Amino acid sequence: MNEYDSNRILDLTKKINYTLTKNIKEADCYVLNTCHIREKATDKVYHEVGRVKKEFRYRKKPIVLIAGCVAQAEGDILLQKEKYIDSVVGPQSYHEINKIILATENKNTRINSTEFEVIEKFDQLNLVKNSNNKVSSFLTIQEGCDKFCKFCVVPYTRGPEYSRPFSEIISEAKQLADNGSREIILLGQNVNAYNFKKQRLSDLLYSLSEIKSLKRIRYTTSHPKDFTHDLIEAHEKCKKLMPLLHLPVQSGSTKILQNMNRGHTIEEYLEIIDKLKKKKPSIKFSSDFIIAYPDETKNDFEKTISLMKQIEFINSYSFIFSARPGTPSANLEKIDNKIAKERLTIFQRTADEVKKRYRKGIVNSTVNVLFENKSKDENKYFGRDEYFNSVIVSSNEDLTGEIRKVKIDKCNQNTLFGEVILEDKPKEYAA
Ligand code: SF4
């Protein structure tokens, strides 16, 4: 979501004649868009500001703005501790960024703009065309969260759940498709909680499918609690919806899920997976895991390992529990660090084995790849298959924006390598 927000910040600032520079030395204004989900986020801000300070030691200081969730959570402290920072702007107030920049330019004031003005934000953003012209683009449809998982800062930094009006999303998707996007990834902290005047995520998926030049749709991040029947059915009926679902589970133990306030049991999670597989047999899953959450016993941990083996998640993101200040689990007694590290190692080894097995199975098969760009070296093109795996091929033809069948010859942990099959263009491409 920060990538989407950063692009929109750029679109906004163009209105006051700012443009993007890739050379930091040329910058008149430096915006650092931050994430607060992991530990040490604030330290990283000070570190990055230190780097800018050093770069501009003998030059005119640029305006330095801190945006995003660290600004939201720790704005006053940042301004107090680091005088080099001019202003802070939270994720729900960044539509104010031009006012903030102009005020800083003119009056040298320091502003803390961290109100939850989400409706006003999108009203303002709708007035500015989304100029993103990537083949695969993000599109925020929902923000905030009312779930209050005990470990998570999002409800405090992004605020309550808010769904953008249906017609605004369709109109922005059409802009992106007109700009050249062939894939849209719908974003929300709880994307499947989307509900605008009873129109759900499934309704959006069907309507977006009607945009002819749009070939692929994905969404992230969903919550098991909001996985309704209509959405499960959309995975069968909506042909442009890709067959990879990121469905965070966090733990394989119902006891731990309850301690986390996740609002569902492991049986309910498995039931969703089962229903999805019945509707869409080719579907695969990825997930997030928190290892060594307070009170996680060996038995709870083994349930997480079993779940990984049972579902065979093709990608997983796992971290040792890290206490976020201000969240209910921040004061719980932590699991011994040595045990936590051991469990993470065991979990990641299991996840790697599952992934390796899956990727080995792809070698010598044919996959449909949407090509996103040419890489810097030689005539190599980068794209993704339907399961979001990175694929690299050599080609003399410009493949950007095209979907082609690719025969996979080899793979490593992160990338598949192959050759475009020339004659046979996939149906998806012909649509
Ligand atoms: S549902 Fe997701 S965003 Fe919401 S509190 Fe839980 S982990 Fe955080």
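Residues numbered from 1 in each chain as written. Predicted model: local features only at pLDDT ≥ 70, side-chain atom pairs only at ≥ 80, totals over all residues. Heavy atoms only, no water.

Student: I'm lost on the overall build of the protein in this one. Help?
Tutor: Counting secondary structure elements, the protein contains 14 helices and 19 strands. Its C-alpha atoms give the protein a radius of gyration of 23 Å, near enough to 22 Å, the size a compact globule of 431 residues would have. Overall, the protein is about 60 × 55 × 45 Å in size when its C-alpha atoms are taken along their principal axes. Residue burial in the protein is summarised as follows: out of 431 residues, 54% are buried. A separation of at least 24 residues holds for 72% of the contacts in the protein among residues at least 6 apart in sequence. For the protein, the accessible area works out to roughly 20600 Å², and carbon and sulfur atoms hold 49% of it. (Helix = DSSP H or I, 4+ residues; strand = E, 2+ residues; numbered from the N terminus. Rg over C-alpha atoms; globule rule 2.2 N^0.38 Å. Buried < 20%, exposed > 50% of the residue type's maximum accessible area, 1.4 Å probe, protein only. Contact = heavy atoms within 4.5 Å. Areas by Shrake-Rupley, 256 points an atom, 1.4 Å probe, with all protein chains shown as cover.)

Student: I tried to follow the site of the ligand on my own but got confused; where do I start?
Tutor: Lining the immediate environment of the ligand, one finds C145, K147, F148, C149, F151, C152, V154, P155, N190, H223 and R262. Of the residues that constitute the shell around the ligand, the class distribution is seven nonpolar, two polar and two charged. (Near = heavy atom within 4 Å. Nonpolar A, V, L, I, M, F, W, Y, C, P; charged D, E, K, R; others polar.)

Student: Before we go on, may I ask you to explain the sheet that holds strand β12 (residues 244-246) in this structure?
Tutor: Strands pair in a sheet through their backbones, by hydrogen bonds, and they do so in one of two ways: parallel or antiparallel. The strand order across the open sheet built from three strands is β12-β13-β14, with neighbouring strands paired in parallel fashion. One side of each edge strand has no neighbouring strand; the edge strands of this open sheet are β12 and β14 (315-320). Across the sheet, the mean angle separating the axes of adjacent strands is 10 degrees when strand polarity is ignored. Alignment of β12 against strand β13 (residues 284-291), held across three bridges, turns out to be parallel. Along β13, the bridge assignment pairs L244 with K284. (Pairing = 2+ DSSP bridges. Axes fitted to C-alpha atoms, helices over the stretch in contact; angles between N-to-C directions.)

Student: Explain unusual backbone geometry to me, please; I cannot follow it from the model alone.
Tutor: With the exception of glycine, most residues fall at negative phi, and the peptide bonds are largely trans. T220 connects to T221 through a cis peptide bond whose omega is 5 degrees. Mapped onto the elements, T221 comes out in the loop between β11 (216-220) and α9 (229-237). In the Ramachandran plot, F148 falls in the positive-phi region, its phi being about 50 degrees despite a non-glycine side chain. Topologically, F148 is positioned in the loop between β6 (142-143) and α6 (154-157). Although it is not a glycine, E312 sits at a positive phi angle of roughly 55 degrees.

Student: Quick question: what am I supposed to make of the packing of helix α8 (residues 201-209) against α9 here?
Tutor: To describe two helices that pack against each other, one gives the angle between their axes and the distance between the axes. At their nearest, the axes of α8 and α9 sit 8 Å apart, and the two run at 20 degrees to each other. It follows that α8 is roughly parallel to α9 by the angle criterion. Two secondary-structure elements touch here, α8 through L201, S202, L205 and Y206 and α9 through D230, L231, E233, A234 and K237. In terms of residue class, the contact of α8 with α9 is made up of five nonpolar, one polar and three charged. (Parallel < 35°, antiparallel > 145°, perpendicular 65-115°, else oblique.)

Student: What should I look at first to understand the sheet that holds strand β16 (residues 380-384) in this one?
Tutor: Overall, mixed pairing links the five strands, which are arranged β15-β16-β17-β19-β18 in a closed barrel. This sheet shows a mean twist of 50 degrees between the axes of neighbouring strands, independent of strand direction. Direction of pairing for strand β18 (residues 403-411) relative to strand β19 (residues 415-420): antiparallel, over a ladder of five bridges. Following the sheet pairing, I408 is matched in β19 by G418.

Student: Looking at this model, I keep getting lost on the layout of surface pockets. Mind explaining?
Tutor: Which parts of space are left empty comes out when a probe the size of a water molecule is rolled across the atoms. Estimated volume of the second largest pocket: approximately 620 Å³. Along its surface, the second largest pocket is lined by 21 residues, and L20, T21, C29, Y30 and V31 are the ones closest to its centre. Sorting the residues of the lining of the second largest pocket by element identifies α1 (2-14) and β1 (29-34) as the ones contributing at least two each. In the lining of the second largest pocket, the residues fall into ten nonpolar, eight polar and three charged. (1 Å grid on protein atoms, 1.4 Å probe; cavity = no way out; pocket = protein on both sides within 12 Å on 5 of 7 lines; lining within 4 Å. Points joined across faces, edges and corners; volume = space filled by probe spheres on them.)

Student: Any chance you could explain the environment of P243 here in plain terms?
Tutor: Among the structural elements, P243 can be located in the loop between α9 and β12. Note: C-alpha distance between P243 and N195 (48 residues apart in sequence) is 23 Å. Among residues more than four places away in sequence, those in contact with P243 are K280, S282, I283, K284, E386 and Y387.

Student: Just to check I follow, could you spell out the nonpolar core for this structure?
Tutor: By size, the foremost hydrophobic cluster in this structure holds 73 residues, and its most contacted members are L139, I141, L186, L205, Y219 and F227. Ranked by residues supplied to this core, first place goes to helix α7 (residues 166-179) with six residues. The next biggest cluster of nonpolar side chains, apart from the first, holds 18 residues, and it includes A27, Y46, F56 and L79. (Core = buried A, V, L, I, M, F, W, Y, C linked by side-chain atoms within 4.5 Å.)

Student: Is there a simple way to think about α7 in this case?
Tutor: An α-helix turns once per 3.6 residues; consequently, residues spaced three or four apart project the same way. For α7, with 14 residues, the first-to-last C-alpha span of 20 Å sits near the 20 Å given by 1.5 Å per residue. For α7, the full list of buried residues reads F166, E168, I169, I170, E172, A173, Q175, L176 and A177. (Expected span 1.5 Å × (residues − 1).)

Student: Help me out: how do you make sense of the packing of helix α12 (residues 298-311) against helix α13 (residues 337-362) in this one?
Tutor: Interaxial distance between α12 and α13 falls to 10 Å at its minimum, and their mutual angle equals 10 degrees. Classed by the angle they form, the pair α12 and α13 counts as roughly parallel. Read as a crossing pair, α12 and α13 show a hand that is right-handed. Where α12 approaches α13, its residues K298, F301, T304, I305, M308 and K309 are matched on the opposing element by R343, I346, F347, T350, A351 and V354. Residue composition of the contact of α12 with α13, by class: seven nonpolar, two polar and three charged. (Left-handed = near helix turned anticlockwise from the far one by under 90°.)

Student: Even after reading the chapter, I still don't get α9, so can you show me in this structure?
Tutor: When we look at burial in α9, the residues that qualify are L231, I232, A234 and H235. The buried residues of α9 occupy one face: seen down the axis, they fall within an arc of 155 degrees. Those residues of α9 that are buried are in contact with α8, β11, β12 and α11 (266-279). (Arc of directions from axis to C-beta.)

Student: What exactly am I supposed to notice about the environment of D226 here?
Tutor: Tracing the chain through its elements places D226 in the loop between β11 and α9. A C-alpha to C-alpha distance of 28 Å links D226 and R8, two positions 218 residues apart in sequence. Those residues within four positions of D226 in sequence are excluded, and the remaining contacts are K147, N190, N192 and A193. Engagement of the side chain of D226 in a polar contact is seen with the side chain of K147, the distance being 2.8 Å. (Polar contact = N/O pair within 3.5 Å; in protein donor to acceptor, adjacent residues only side chain to side chain.)

Any functional reading would require information that these geometric values do not contain.
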